[in-house]
Amino acid sequence: MSLSPTNALRHTGSLFSLALDVLRTLPRRPFEIRECIQQSWFIASVTILPTALVSIPFGAVIALQIGSLTRQLGAQSFSGAASVLAVLREASPIVTALLIAGAGGSAICADLGARKIREEIDAMEVLGIDPIHRLVVPRVVASMGVAVLLNGLVSVVGVAGGYFFNVILQNGTPGAYLASFTTLAQLPDLYWAELKALVFGAIAAVVASYKGLNAKGGPKGVGDAVNQSVVITFMLLFVANFVLTAVYFQVVPQRG
């Protein structure tokens, strides 16, 4: 794929066009519920275990870093609140997004890319079947739903891992760690994290679908499309995370 500015703008416009087509086609009936359930199960099956395993060291690193910092500042009683904030607001959505993009998104791109090079997509269009309604929309909805559920899993595992490492390895006080949860953390933190996961899941599925539907050059082209989809998704996720975080701090009043 050429890296010229013209091609970059063209691909960017095509990607946003696909996103708008998905949004426009979403209310159309009949909804492919069977395809959506199958894709949800597949994405969940390839991401649940890796997400749980990755969230443990994320929570541990956050707890160790914050525990060390609060000890230096003489504010050990706030280590629990700070750890929970870091896990809920940033770690959980980011971990969820990376696993959805890396495992689920690559699988979606490879599936659609294989259909494209076998000319199945062209055959569907000739038969009057909209591939966006039949294939893309169920995958986007499935990715969004699984992302929301995985975010909850990462939050629970991350907070539990942070508690273990703070209390066991850093000799923190269990009561102080648990009591400080409500000092700075609040329910809107969880709600916004779930919204982030929903948006990240949609971005991962749309980018993967776009690269899959535009795969060219046989099996090698499909492999290149998968690699490109993961890289582009990671870049967009971090940009979207920055924007959503900035909006959150403007909209939701923070506890002092």
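Right, let's walk through the structure included here. Remember, it's a predicted structure, so these values are computed and weren't measured experimentally.

For the rest of this paragraph, the subject is the overall build of the chain. Of regular secondary structure, the chain possesses nine helices and zero strands. In sequence order, the secondary structure elements of the chain are arranged as α-α-α-α-α-α-α-α-α. Dimensions of the chain, computed from the C-alpha atoms along their principal axes, are close to 70 × 40 × 35 Å. Looking at the 256 residues of the chain, the share that counts as buried comes to 44%. For the chain, long-range pairs separated by at least 24 residues make up 86% of all intrachain contacts whose partners lie at least 6 apart in sequence. Here the chain has roughly 12,800 Å² of accessible surface; of this, 71% comes from carbon and sulfur atoms.

Across all of its chains, the model carries two aromatic pairs by this definition. Judged by centre distance (5.5 Å) and plane angle (40°), the ring pair of Trp192 and Tyr248 falls under tilted. Residue Trp192 is found in helix α8 (residues 187-213), and its partner Tyr248 is found in helix α9 (residues 218-251); the two are separated by 56 residues along the sequence. Assessed through its relative accessible area of 19%, Trp192 is described here as buried. You can call Tyr248 buried: its relative accessible area is 3%. In this structure an aromatic cluster arises from ring pairing among Trp192, Tyr248 and Phe249.

A few words on a nonpolar patch on the surface. Taken together, the side chains of Val239, Phe242, Val243, Val247 and Val251 define a hydrophobic patch exposed on the protein surface, amounting to about 470 Å² of accessible area. As for its position among the elements, Val251 is in helix α9. The exposure class of Val251 is exposed, given its relative accessible area of 55%.

Cis geometry marks the peptide bond from Arg29 to Pro30, where omega comes out at 5°. By the secondary structure assignment, Pro30 is in the loop between α1 (5-25) and α2 (33-73). In the Ramachandran plot, Glu119 falls in the positive-phi region, its phi being about 65° despite a non-glycine side chain. Note on placement: Glu119 falls in the loop between α3 (79-117) and α4 (120-126). Here Glu119 falls in the exposed class, since its relative accessible area comes to 54%.

This next bit is on empty space enclosed by the protein. The full count for this structure, using the stated rule, is one cavity of 30 Å³ or more. Roughly 60 Å³ of volume is contained in the largest cavity. If you trace the largest cavity, you find it lined by Arg89, Glu90, Asp189, Trp192, Ala193, Lys196, Thr245, Tyr248 and Phe249. Those elements that place two or more of their residues in the lining of the largest cavity are α3, α8 and α9. Here the lining of the largest cavity is built from residues that sort into four nonpolar, one polar and four charged.

Scoring rules and cut-offs
Residues numbered from 1 in each chain as written. Predicted model: local features only at pLDDT ≥ 70, side-chain atom pairs only at ≥ 80, totals over all residues. Heavy atoms only, no water. Helix = DSSP H or I, 4+ residues; strand = E, 2+ residues; numbered from the N terminus. Buried < 20%, exposed > 50% of the residue type's maximum accessible area, 1.4 Å probe, protein only. Contact = heavy atoms within 4.5 Å. Areas by Shrake-Rupley, 256 points an atom, 1.4 Å probe, with all protein chains shown as cover. Phe/Tyr/Trp six-rings, centres within 6.5 Å; stacked < 30°, edge-to-face > 60°. Patch = residues over 30% accessible without salt bridge, like charges linked within 9 Å, V, L, I, M, F, W, Y side chains within 5 Å. Salt bridge = Lys/Arg side-chain N within 4 Å of Asp/Glu carboxyl O. 1 Å grid on protein atoms, 1.4 Å probe; cavity = no way out; pocket = protein on both sides within 12 Å on 5 of 7 lines; lining within 4 Å. Points joined across faces, edges and corners; volume = space filled by probe spheres on them. Nonpolar A, V, L, I, M, F, W, Y, C, P; charged D, E, K, R; others polar.

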